[in-house]
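Analysis of the macromolecular model
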Amino acid sequence: MRYTMPLTPAQAEQLGNDVGMIVAFAARALNHTHGVNIDRLMQAFTSSSALEVTAGRYLKALEEGHRPGEAAGRAGTALVLDWADAVLEAKGTQQADTQSAPATETTP
């Protein structure tokens, strides 16, 4: 199914199903390969902004002529890469905070 703006009710439902599958496969893959907590992944991946970006990437890939499976793969890969970048950034911030924290003196 090709999407046109504005979406018809059937297109909106199909887009929701497609994006839901992309999110579910990405979360399962990360859980399976890295043991990441699936509930936390689903919470992050189903935020309104994450869904909006994933849907936009999926639609863009479809508009570029990619088949639905390839478009979904591209959107899912981008979602996982965004997640990995966020994790690395959070770890870097946490390490920087730990290193910049003042040392505390302990007296017996």
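Preceding this paragraph is the structure being described.
A quick note: this is a predicted structure, and the numbers were derived from the prediction, not measured.

What counts and what doesn't
- Residues numbered from 1 in each chain as written.
- Predicted model: local features only at pLDDT ≥ 70, side-chain atom pairs only at ≥ 80, totals over all residues.
- Heavy atoms only, no water.
- Helix = DSSP H or I, 4+ residues; strand = E, 2+ residues; numbered from the N terminus.
- Buried < 20%, exposed > 50% of the residue type's maximum accessible area, 1.4 Å probe, protein only.
- Contact = heavy atoms within 4.5 Å.
- Areas by Shrake-Rupley, 256 points an atom, 1.4 Å probe, with all protein chains shown as cover.
- Expected span 1.5 Å × (residues − 1).
- Core = buried A, V, L, I, M, F, W, Y, C linked by side-chain atoms within 4.5 Å.

1. Concerning the overall build of the protein
Tallying secondary structure elements over the protein gives 4 helices and 0 strands in all. Secondary structure elements in the protein, listed N-terminal to C-terminal, are α-α-α-α. With the C-alpha coordinates aligned to their principal axes, the bounding extent of the protein is approximately 70 × 25 × 20 Å. Burial status across the protein gives 25% buried among its 108 residues. Here the contacts in the protein between residues at least 6 apart in sequence split such that 46% fall between residues at least 24 apart. On the protein, roughly 7,700 Å² of surface is accessible, and the fraction owed to carbon and sulfur atoms is 56%.

2. What to know about the environment of Val80
Its place among the elements puts Val80 in helix α4 (residues 68–100). Given the relative accessible area of 24%, Val80 is considered partly exposed. Separated by 71 residues in sequence, Val80 and Pro9 have C-alpha atoms that sit 29 Å apart. Leaving out residues up to four positions away in the same chain, Val80 has contacts with Ala26 and Leu30.

3. Here's the deal with α4
An ideal rise of 1.5 Å per residue puts 48 Å on 33 residues; α4 measures up with 48 Å between its terminal C-alpha atoms. What α4 keeps buried is the set Ala71, Ala75, Gly76, Ala78 and Leu79. If you follow the buried residues of α4, they end up packed against α1 (9–34), α2 (38–45) and α3 (48–63).

4. Concerning the nonpolar core
Across soluble globular proteins, you tend to see nonpolar side chains buried next to one another. Within the largest apolar cluster, 19 residues are counted, with the highest numbers of intra-cluster contacts made by Tyr3, Leu15, Leu41, Phe45 and Tyr58. Within the residue set of this core, elements represented by two or more residues are α1, α2, α3 and α4. In terms of residue count, α1 provides more of this core than any other element does, 7 residues in total. In this structure, Leu15 is in contact with Tyr3, Leu7, Ala55, Tyr58 and Leu59, ignoring residues within four places of it in sequence.

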